[in-house]
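The lines below spell out each chain.
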Amino acid sequence: MDSATKTEDDGGQPGTSGLRDGARPARGRRRLRVLGGSLAAGCLVLGGVLVLLPEKRPPGPLPGSPARTAVTTGVAVALPELARLIHQHEGHVRESPRDARAWAVLGAAYVERGRRTADAASYPKAERALRTSLEVRPRRNVEALDGMAALANARRDFRAARARGEAARKLAPKRWTTYAQLIDAYTGLGEYKKAQAALGRMLRLRSGSAVLGRAAGVYRDRGRREDAAAALSDAAAGASTPAEEAMWRERAGQLAWERGDPEVALGQFREAVRLDPDQRAAQAGQGRALVALGRTPEALGAYRAALSGQPLPQYALELGELYESVGRPRAARAQYDLLRERVRREAVGGVDGDLVLGRFEADHGDPASAVRRLSAEWRRQPGIEVADALGWALHRAGRDQEALRFAMIATDRARGGAVLSAPYVYHRGMIERRLGRYGPARRHLEEALRINPRFSPLHAPVARAALAEMGEPALTAPPEVRPSADRPDRRPSTDRPEPRPPSTDRPDARPSTDRPEPRPSADPPEARPSANPPDTRLPTDRPDARPSTDRPDTRPSAGRPEA
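All values reported here derive from a predicted model rather than from experimental measurement.

(A) Layout of the side chain of Glu402. With respect to the helices, strands and loops of the structure, Glu402 is situated in helix α22 (residues 400–411). Using a relative accessible area of 10% as the deciding quantity, one classes Glu402 as buried. Polar side-chain contacts of Glu402 include one of 2.9 Å to the side chain of Arg399.

See the structure below:
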């Protein structure tokens, strides 16, 4: 017994010398079989559990998605998809902070969110994400440089956008998305030949809806409306998502509005909103078109809807002027206060709001302040929009000789002002009228109303009243300004140097006492001629004194006193 017991305790084979029968060995074998089966089953269960557990691996790159492709190519994406993309990449960079590409995509997504929602707080987040991407991969990080260019364009810092875009182009000259950012930067700086060259390069590298949409913008700026409309139609037909199609339809609606076709514009805007309910630019466009069609209550609702989702200062300015035109000054002041507040908030996010604020101050605030603000803007980025706004501010401040130089830049095809803009031409006509150049003034005011008869609820009636006040043009030119053999008809040179920004501390920079108030009335102030109109015969040593098709009409007519 002792020997048998000892053998079992030691784990050896039990002996048989002390056993009385064969029952004990059989029972031992059964125990071993049960134990072996239990161990095998346990291993199977454990193996199954290990298979089901997630494998702990380092996070890899995120898969591509339509939203990611959209934000990196400058195409609109639906806001819910954009929110998911941002959430996904925020989680990814927390787990994989060394993924430079993910940081760049996250930065581009923040830029798109800021642009679509007018949330300027998204721009500092975008800058941090893009700078982190550059820190992680400081060499040849074209994705981050493209994102920084897009961010600068969104902030209206076109010089920075140009610098970032050109750096990206140097690293990857065949990356087509870089040229899209350069087009916006060059346009903002008034470098239209470079914008045209960038478009040509992009068209050679890529085709598709995104490229066609960019091309339409360049065509529009060059006055090629038919080409722009055709490109936008093709872009909308080739769009890959409803949000992208809505983007191109909104721009097609804006183009139709600018050419004075509010019915077509309204149809495009409505289709854009149907495709993408968050397309706020299309809702603001509906407001413009509805005003032109005389449907003011609907227009007010459209503007309010746009401001609720994208509170841009420009929308507040347009809605305020609409309220002013229908005799609701208190509601107009509320919108103007909102404009100032939005500009302040955007400045915290790095957005340059001097252009829209200068436009507002010129007509509804302090014209001298507008001149100072827009003169500084012109020094930074001398684009056509700034030239027009500065010229109008100078006119409102009573400095019409200086104003005319900038108005001519904004409307002179040889200097980049090829866009067919009713407000630009209207501004030039009103400035010329103040200077007593009635012939060019009449021609430009008529052209503005021909381009878009209802371009503004405030200013379009003023243009009509001014034309009525000036009367019909004379049939022949006066003898003293007729061309002669020794004095050929020459136009002002188009290659003269850019005018310097006007001085902001001149003693005569006070607003003119007879400057127009942009309010429609039976007898608008802008339409009243000065009691002592200036001499229309300019010094002969100035280029614009020589006879041209723009020469002043100095003959008296039945509707105005002789100059």
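Structure shown, so let's carry the discussion forward.
(B) Summary view of the packing of aromatic side chains. Evaluation of the coordinates by the stated rule reveals 4 aromatic pairs. Each ring, one from Trp378 and one from Phe406, has its centre 5.3 Å from the other, and the planes form 90°; the classification is edge-to-face. Of the two residues, Trp378 is situated in helix α20 (residues 367–380) and Phe406 in helix α22; the sequence distance between them amounts to 28 residues. Here Trp378 matches Phe406 in class, with each residue buried. Plain terms: the ring middles of Tyr426 and Phe455 are 5.4 Å apart, the flat faces sit at 50° to each other, and that makes the pair tilted.

(C) Inspection of the pattern of salt bridges at higher detail. In this structure the tally under the stated criterion is 33 salt bridges. Measuring nitrogen to oxygen at the nearest pair gives 2.9 Å for the salt bridge that ties Arg137 to Glu143. When its relative accessible area of 28% is taken as the criterion, Arg137 is described as partly exposed. Between Arg380 and Asp354 there is a salt bridge whose closest N-O contact spans 2.9 Å. Remark: Asp354 occurs in helix α19 (residues 354–364) and Arg380 occurs in helix α20; sequence separation between them is 26 residues. Where salt bridges share partners, they join Arg156, Asp352, Asp354, Arg359, Arg373, Glu377, Arg380 and Glu385 into one cluster.

(D) Structural detail: the environment of Tyr438. Within the fold, Tyr438 resides in helix α24 (residues 438–451). Separated by 35 residues in sequence, Tyr438 and Pro473 place their C-alpha atoms 8.5 Å apart.

(E) Expanded view of the side chain of Ser375. Note that Ser375 resides in helix α20. In terms of polar contacts, Ser375 uses its side chain to reach the backbone carbonyl oxygen of Val371, at 2.7 Å.

(F) View of the packing of helix α5 (residues 100–117) against helix α7 (residues 142–154). Following both chains from N to C, one finds α5 and α7 inclined at 15°, their axes separated by 9 Å at the closest point. Relative to α7, α5 is oriented roughly parallel. Considering the relative orientation of α5 and α7, their crossing is left-handed. When α5 is examined against α7, the residues Arg101, Ala104 and Val111 are found in contact with a partner set consisting of Glu143, Ala144, Gly147, Ala150, Leu151 and Ala154.

(G) Just the nonpolar core, in detail. Within the largest apolar cluster, 58 residues are counted, with the highest numbers of intra-cluster contacts made by Leu106, Leu199 and Met202. Broken down by element, this core gets its largest block of residues, 8 residues, from α5. Those residues in contact with Leu199, other than ones at most four positions away along the chain, are Ile183, Ala215, Val218 and Tyr219. Counting 44 residues, the second-largest nonpolar core is a separate cluster that includes Val371, Leu374, Val386 and Ile431.

What counts, and where the lines are drawn
Just so you know, the residues in each chain are numbered from 1, in the order the chain's sequence is written. Since the coordinates come from a predicted model, pLDDT governs what is reported: local features require at least 70, and pairs of side-chain atoms require 80 or more to be given and counted, while whole-chain, interface and lining totals use all residues. Here the side-chain values reflect all heavy atoms present in the structure, with hydrogen atoms and water set aside. In this description a helix means any DSSP run of H or I spanning at least four residues, a strand means any run of E spanning at least two, and both kinds are numbered starting from the N terminus. Residue exposure (1.4 Å probe, protein chains only): buried if accessible area is under 20% of the type maximum, exposed if over 50%, otherwise partly exposed. By the criterion applied in these results, polar contacts are pairs of N or O atoms within 3.5 Å in which, for protein atoms, one can donate a hydrogen and the other can accept it, and in which residues neighboring in sequence qualify only through two side-chain atoms. Stacked, tilted and edge-to-face are the three classes assigned to paired rings of Phe, Tyr and Trp, where Trp is represented by its six-membered ring and a pair needs centres within 6.5 Å; plane angles under 30 degrees give stacked, over 60 edge-to-face, the rest tilted. Any Lys or Arg side-chain nitrogen located within 4 Å of an Asp or Glu carboxyl oxygen qualifies as a salt bridge. Every axis in this analysis is a line fitted to C-alpha atoms, fitted for helices over the stretch in contact. Angles between the N-to-C directions lie between 0 and 180 degrees. Our angle categories are set so that under 35 degrees counts as roughly parallel, over 145 as roughly antiparallel, 65 to 115 as roughly perpendicular, and the remainder as oblique. Take the far helix as the reference: if the near one is turned anticlockwise from it by less than a right angle, the crossing is left-handed, and if turned clockwise, right-handed. Here a residue-residue contact requires only that any non-hydrogen atoms of the pair lie within 4.5 Å. Here, nonpolar core refers to any group of buried Ala, Val, Leu, Ile, Met, Phe, Trp, Tyr and Cys residues whose side-chain atoms link them within 4.5 Å.

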